[in-house]
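Listed below are the residues making up each chain.
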Amino acid sequence: MKQCILEMTNRISITYCTQCRWLLRAAWMAQELLTTFEQELSELTLIPGTGGIFEVHANDALIWSRKEQGRFPDITELKQLVRDQIAPEKDLGHSDRKKES
């Protein structure tokens, strides 16, 4: 078990705007990701920023930008993006279900 932990190198970072008071949102999303990807993540970092920033990186790849998307991610959407980047084979259970019309 210890060997697997040492080999994990998947990192997530969430940069959030302190001026906008988005710490609680970032912390909640971090908790959700840590819970969902407890076996796949070696690190999750919250990075304070300014200027309305809210970005999520997985292994240094930008997977979400509030500025580019014009909104915050839905947690299910964010979990899918993280999964696609760090553990494509992982089943997300109910988070993988498609929304019915």
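Structure's up top.
In this report, we go over the structure that sits alongside the text. Source: prediction; values computed, not measured.

## Topic: helix α4 (residues 75-86)
And step 1. Compared with the 16 Å implied by 1.5 Å per residue over 12 residues, the 16 Å span of α4 between its first and last C-alpha is a close match.
And step 2. Residues of α4 that are buried sit in contact with β1 (10-17), α2 (23-36), β2 (41-49), β3 (54-58) and β4 (61-65).

## Considerations on the pairing of β2
And step 1. As defined by bridge partners, β1 adjoins β2 across 8 bridges and the pair is classed as parallel. Among the inter-strand pairings, Tyr16 is bridged to a residue of β2, identified as Pro48.
And step 2. This β-α-β element, β1 to α2 to β2, shows right-handed connectivity.

## Examining the pattern of salt bridges
And step 1. Counted under the stated rule, the structure contains 5 salt bridges.
And step 2. Across the salt bridge formed by Glu32 and Lys79, the nearest N and O atoms sit 3.0 Å from each other. A residue pair is termed long-range when its members are at least 10 positions apart, and Glu32 in helix α2 and Lys79 in helix α4 qualify at 47 residues.

How each quantity is defined
Residues numbered from 1 in each chain as written. Predicted model: local features only at pLDDT ≥ 70, side-chain atom pairs only at ≥ 80, totals over all residues. Heavy atoms only, no water. Helix = DSSP H or I, 4+ residues; strand = E, 2+ residues; numbered from the N terminus. Expected span 1.5 Å × (residues − 1). Contact = heavy atoms within 4.5 Å. Pairing = 2+ DSSP bridges. Right-handed = clockwise from strand over helix to strand, strands pointing away. Salt bridge = Lys/Arg side-chain N within 4 Å of Asp/Glu carboxyl O.

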